[in-house]
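Each chain is listed here by its residues.
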Amino acid sequence: MNNKWIKTVESLLKANSGVDMQHASTSAIYHAVSRATMAEIADTWQKCKNAPKKRVGYLSAEFLVGRAIFANLYNLGKLDEVRAIMTERGVDISSFEDIEDAALGNGGLGRLAACYLESGATVGIPLDGYGIRYRYGLFRQEFENGFQKECADDWQQHGDPWSYRRDDESVLVKFSDFTVRAVPYDMPVIGYGGKTINTLRLWQSEQPDSFDFAAFDSMQIDKIAKDNIRCESISYALYPNDSTEKGRILRLRQEYFFASASVQDLIRKHKQKGLPIEKINEYVAFQLNDTHPVFAIPEFIRLVMQEGMRFEDAFVLARSVFNFTNHTILGEALERLDMKRVRKLLPKIAKILTMMQARIEKEFPDGKLFLIKDDTVHMANVAIYAGSKINGVAALHTEILKKSTFHDWYEAYPERFLNVTNGVTPRRWLALCNPELSALITEKIGDGWQADLERLKELEKYADDPEVRRAFAEIKHLKKVQLSEYVYKKEGVLLPPDFIFDVQAKRLHEYKRQLMNAFSILYYYFRIKEGKEKDFKPTAFIFGAKAAPAYYNAKGIIKFINAIADKVNNDPDVNDKLRVVFVTDYNVSYAEKIMPAADISEQISMAGMEASGTGNMKFMLNGTVTLGTMDGANVEICEEAGRENEYIFGATVEEVKEIKKNYNPWAIYNSDPELKRIVDTLDDGTFDDQGSGMFRSVKESLFGGWSADHYLVLQDFRDYVRAKSELNRDYGSEEFLAKCVRNTANGGKFSSDRSILDYAENVWKV
Ligand code: 26Q
């Protein structure tokens, strides 16, 4: 950065805080540095907005962007310079780490959206994000006696220097009972190299007029306040339900709110250019991130009809601009909305959905394909029927969509289905979070891999070079030292850096089987105590996960793992061999510290359940072997790195299908005394759930009624510990170190740059 930049920082500090650098708070300096950088990029940003080509709108209810400041400076190529300038002035910019940015997403789907925007800007595709500016993002997690407690995430408490409010581009969104104003806040999305800057536009809901004068006159202040709250409630908070549908009215309002605002915005811009509406498909494409934005389709049809087009033409036009990504096969997560409710809140939208249903009935009279059935609208069906392309997020997942979830649709429209395997941005998930490994990579293969990740392949030959293996191992150790210090400070738990760091970090869900991991810890715990694991290499088990606040068993599993941690860490018989920690408030910034420090990446979902996973890719890039099932993108990780470089176990999708035909968890439990003892700790008094009944409920999920061990924890347990023990034996060997190198070397496919280029070529045609 130049002289001008630091002058701007200093004058912003004076103007906004009335102090100089020596006397300013971290928060004030953060703000000034961010704003000065915004000024720096203003011209490029403006120029990029007017690109006269087709633009893509990525519609997503979630954007889990994480901390912006370092990523932005890095992509501008200014991070080192800024660090130096600020150090000269007595400011350590790592203090900005106390300021966490927006967590406007739950997990995978929201973080994917953020990676995709960054990649779009990096590869120079005009891709803009559209979402909701939640006043409160995903809850902050605390533990109270080992129970999860949710706290509000007030992400704007230090201001929001990375966005501009654009009042003049507000639009109105109408519900049957009231109208709200959608006010856009624009964030720059800076590509690597800083040449392209796209926009993330987040809508905030407000009252249409700032004042109801009549009410004010008659002193009905309470009415004014009530109206205000009703409007602002729409973007008040992110729903923390990862993968479970809860048919809530406010959620429906949120979905229509941002879908409508975004479509209005793009149609208006198109018209402002003086272009005819029928040609909008030459200038705009929409990607729907799961079903959450699907209202955009009937809304688009409605608005285009308002411009004078007939329904049939509007429908055909819609089909040429919309595309849909599915992220789950979990039945309860496939959105189905009660048409009674849609008719009540959004009568015009209900009418258009009904016309679409009539159209499909005419086209397919046998009724096998439908949008509305039993007065319930299936949002995924709407997106498949009225869109050009539908994609899954990993090869295996897409096959499952074609074979089962959407089989009838696949038979009718095979050409619409395609796979786009997920990816992650290598800037945040390698370059920034692991500068030490990045320096080694650059030393070996030169610069440029950051934006051309396939080049990592050039590292493969070094897997056989003992010196490079050593260097890899030393960096891993350094990252473990750093994480250990951080975890000690935050959690008060000591993880010795010479232990194996075995990590499972992702949302808490029964299908992801954190419980099976917990059982494996107890397995080693009992065996070590009994002297049966003489050669077991000391291992620290690290968990990071949030449970949806209403997901009872998920919360029970958190409490269970915390109880295990308590016991293990305080037991002198084993704590030279085992440590367990459940880190508090796992989020993007925590992930940036954890991924580089992991020796083992646990990806242990029941096969067929995890659509892709993206954490698995972040670990891989950082030289971590996968301990996993043949699920989601794990399959492709094996393909790329070679299965022999990972630790694979458990039933495959086909086997799961077979096993489920007559699965009997009782039989497994009764024939395996070691496993029985472990499972029984849930209710034999080994652990205390403080009268909550949670542990009994978790145990019942393994045996009770129809849902008996739905996710085959008992079934896969033995093969899991088999693989885990094998890994433990291999750890530290020359061959193991080579595996780590091979993982980084073969991670190139999992750059989100590749995913975005896939979408651009096969879906958006830009
Ligand atoms: C639905 C209705 C009401 C409220 C919330 C929701 C909701 C919110 C978030 C439903 C689902 C989600 C998130 C789903 C998700 O993150 N899926 C993950 O997507 C990743 C990116 O494709 C995949 O890698 C993961 O496998 C998949 O689980």
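Provided above is the structure to which this section pertains.
Residues numbered from 1 in each chain as written. Predicted model: local features only at pLDDT ≥ 70, side-chain atom pairs only at ≥ 80, totals over all residues. Heavy atoms only, no water.

Visitor: Could you give me a rundown of the overall build of the protein chain, with the residues and numbers involved?
Guide: When its secondary structure is counted, the protein chain shows 30 helices and 21 strands. Against the compact-globule benchmark of 27 Å for 766 residues, the protein chain has a radius of gyration of 26 Å, which places it among compact chains. Taken along its principal axes, the extent of the C-alpha atoms in the protein chain is 80 × 70 × 60 Å. For the protein chain, the residues scored as buried account for 62% of the 766 residues in total. Considering only intrachain contacts with a sequence separation of at least 6, the fraction spanning at least 24 residues in the protein chain is 76%. Entry remark: accessible area of the protein chain is about 29,100 Å², with carbon and sulfur atoms responsible for 51%. For the protein chain, the distance from the average site of its 101 positive side-chain charges to the average site of its 111 negative ones is 3 Å. (Helix = DSSP H or I, 4+ residues; strand = E, 2+ residues; numbered from the N terminus. Rg over C-alpha atoms; globule rule 2.2 N^0.38 Å. Buried < 20%, exposed > 50% of the residue type's maximum accessible area, 1.4 Å probe, protein only. Contact = heavy atoms within 4.5 Å. Areas by Shrake-Rupley, 256 points an atom, 1.4 Å probe, with all protein chains shown as cover. Lys, Arg positive; Asp, Glu negative; His and termini not counted. Charge placed at Lys NZ, Arg CZ, Asp CG, Glu CD.)

Visitor: Can you tell me about the site of the ligand, naming the residues and giving the values?
Guide: Surveying the vicinity of the ligand reveals 21 residues, the closest of which are Leu109, His327, Asn422, Glu610 and Gly613. In this structure, an oxygen atom belonging to the ligand sits 3.3 Å away from a main-chain N or O atom of Ala611. The backbone of Ser612 places a nitrogen or oxygen atom 3.1 Å from an oxygen atom of the ligand. The protein chains hide 96% of the 610 Å² of surface that the ligand would expose on its own. No other element matches the 3 residues that helix α5 (residues 108-123) contributes to the shell around the ligand. Here the shell around the ligand is built from residues that sort into 6 nonpolar, 10 polar and 5 charged. (Near = heavy atom within 4 Å. Polar contact = N/O pair within 3.5 Å; in protein donor to acceptor, adjacent residues only side chain to side chain. Nonpolar A, V, L, I, M, F, W, Y, C, P; charged D, E, K, R; others polar.)

Visitor: Which residues make up the side chain of Asn72, and what values go with them?
Guide: Inspection of the secondary structure puts Asn72 in helix α3 (residues 69-75). Overall, Asn72 belongs to the buried group, its relative accessible area being 9%.

Visitor: Help me get a handle on the pairing of strand β8 (residues 197-206), residues and values and all.
Guide: With 10 of 10 residues buried, β8 is to be regarded as a mostly interior element. As paired strands, strand β2 (residues 127-132) and β8 are joined by 4 bridges and run parallel to one another. Note on β8: the bridge partner recorded for Ile132 is Trp203. The sheet contact formed by strand β7 (residues 179-190) and β8 spans 10 bridges and is antiparallel. In the strand pairing of β8, Pro188 is matched with Thr199. (Pairing = 2+ DSSP bridges.)

Visitor: Help me get a handle on unusual backbone geometry, residues and values and all.
Guide: Of note, Asp375 is a non-glycine position whose phi angle comes to about 55°, a positive value. Among the secondary structure elements, Asp375 is positioned in the loop between β12 (372-373) and β13 (376-378). Look at Asp375 and you get partly exposed, because its relative accessible area is 27%. Although it is not a glycine, Leu712 adopts a positive phi angle of roughly 55°.

Visitor: Give a description of the packing of helix α18 (residues 466-491) against helix α29 (residues 734-745) that names residues and reports values.
Guide: For the pair α18 and α29, interaxial distance at closest approach is 9 Å and the crossing angle is 75°. With respect to α29, the element α18 is oriented roughly perpendicular. Here Pro466, Arg469, Arg470, Phe472 and Ala473 of α18 come into contact with α29, specifically with Glu734, Leu737, Ala738, Cys740, Val741 and Thr744. Looking at side-chain class alone, the contact of α18 with α29 contains 7 nonpolar, 1 polar and 3 charged residues. (Axes fitted to C-alpha atoms, helices over the stretch in contact; angles between N-to-C directions. Parallel < 35°, antiparallel > 145°, perpendicular 65-115°, else oblique.)

Visitor: Any chance you could break down the pattern of salt bridges for me, citing the residues and the numbers?
Guide: Taken as a whole and judged by the stated rule, the model has 66 salt bridges. The residue Asp80 makes a salt bridge to Arg83 at a minimum N-O spacing of 3.1 Å. Of this pair, Asp80 and Arg83 both sit in helix α4 (residues 79-88), separated by 3 residues, roughly a single helical turn. The exposure class assigned to Arg83 is partly exposed, which follows from its relative accessible area of 37%. Among the salt bridges present, the one from Asp186 reaches Arg201, with a minimum N-O distance of 2.8 Å. Of this pair, Asp186 sits in strand β7 while Arg201 sits in strand β8, placing them 15 residues apart in sequence. When its relative accessible area of 3% is taken as the criterion, Arg201 is described as buried. Put simply, Arg166, Glu169, Asp186, Arg201, Asp265, Arg268 and Lys269 are held in one network by salt bridges that share partners. (Salt bridge = Lys/Arg side-chain N within 4 Å of Asp/Glu carboxyl O.)

Visitor: Go over helix α19 (residues 514-529), please, and point to the residues and values.
Guide: In this model α19 runs 23 Å from its N-terminal to its C-terminal C-alpha over 16 residues, within 8% of the 22 Å that 1.5 Å per residue would give. Taken from the residues just after α19, Gly531 is the one with a positive phi, measuring 70°. (Expected span 1.5 Å × (residues − 1).)

Visitor: Provide a residue-level description of the pairing of strand β9 (residues 284-289), including the pertinent values.
Guide: With 6 of its 6 residues buried, β9 lies for the most part within the structure. Side-chain alternation along β9 places Val284, Phe286 and Leu288 on one buried face and Ala285, Gln287 and Asn289 on a second face that is also buried. Pairing geometry for strand β1 (residues 55-59) and β9, over 5 bridges, is parallel. Note on β9: the bridge partner recorded for Tyr58 is Gln287.

Visitor: Outline the sheet that holds strand β17 (residues 539-544), listing residues and values.
Guide: Pairing between sheet strands relies on hydrogen bonds along the backbone, with the strands arranged either parallel or antiparallel. With parallel pairing, 6 strands are arranged side by side in an open sheet as β18-β17-β16-β19-β20-β21. For this open sheet the edge positions go to β18 (578-582) and β21 (647-648), each flanked by a neighbour on one side alone. The sheet contact formed by strand β16 (residues 500-505) and strand β19 (residues 600-603) spans 2 bridges and is parallel. Paired with Val503 across the two strands is Ser601, which belongs to β19. Packed onto the sheet, α29 meets β20 (625-628) and β21 and runs at close to 95° relative to β20.

Visitor: Kindly report on the packing of aromatic side chains, identifying the contributing residues and their values.
Guide: Applying the stated criterion across every chain, the model contains 34 aromatic pairs. Seen from their ring centres, Tyr385 and Trp409 are 6.2 Å apart, and the 55° between their planes marks the pair as tilted. Of this pair, Tyr385 sits in helix α13 (residues 379-385) while Trp409 is found in helix α15 (residues 407-412), placing the two residues 24 residues apart along the sequence. For the pair formed by Tyr385 and Trp409, the shared burial category is buried. Linked through ring pairs, Phe311, Phe315, Phe364, Tyr385, Trp409 and Tyr413 together constitute an aromatic cluster. Here the basic side chain of Lys546 rests over the ring of Phe139, its NZ or CZ set 5.4 Å away from the ring centre. (Phe/Tyr/Trp six-rings, centres within 6.5 Å; stacked < 30°, edge-to-face > 60°. Lys NZ or Arg CZ within 6 Å of the ring centre and 35° of its normal.)

Visitor: Got a sec to walk through the nonpolar core? Specific residues and values, please.
Guide: The biggest cluster of nonpolar side chains holds 189 residues, and the ones touching the most others in it are Met86, Phe295, Ile297, Phe300, Val342, Met356 and Trp409. The contacts of Phe300, once residues within four sequence positions are left out, are Val263, Ile267, Ile280, Phe286, Ala314, Leu317, Ala318, Val321 and Phe322. (Core = buried A, V, L, I, M, F, W, Y, C linked by side-chain atoms within 4.5 Å.)

Visitor: I'd like a description of the environment of Ile229, backed by residues and values.
Guide: Along the chain, the position of Ile229 falls in helix α7 (residues 221-232). Under the relative-accessibility criterion, Ile229 is labelled exposed at 57%. Considering only alpha carbons, one finds Ile229 and Lys480, 251 residues apart in sequence, at a separation of 47 Å.

Visitor: For the sheet that holds β12, give the residues involved together with the corresponding values.
Guide: Ordered in space as β11-β13-β12, the 3 strands form an open sheet in which the pairing is antiparallel. A single partner strand is all that each edge strand has here, and the edge strands are β11 (336-338) and β12. Here β12 pairs with β13 via 2 bridges, running antiparallel. Looking at β13, one finds that Ile372 is bridged to Val377.

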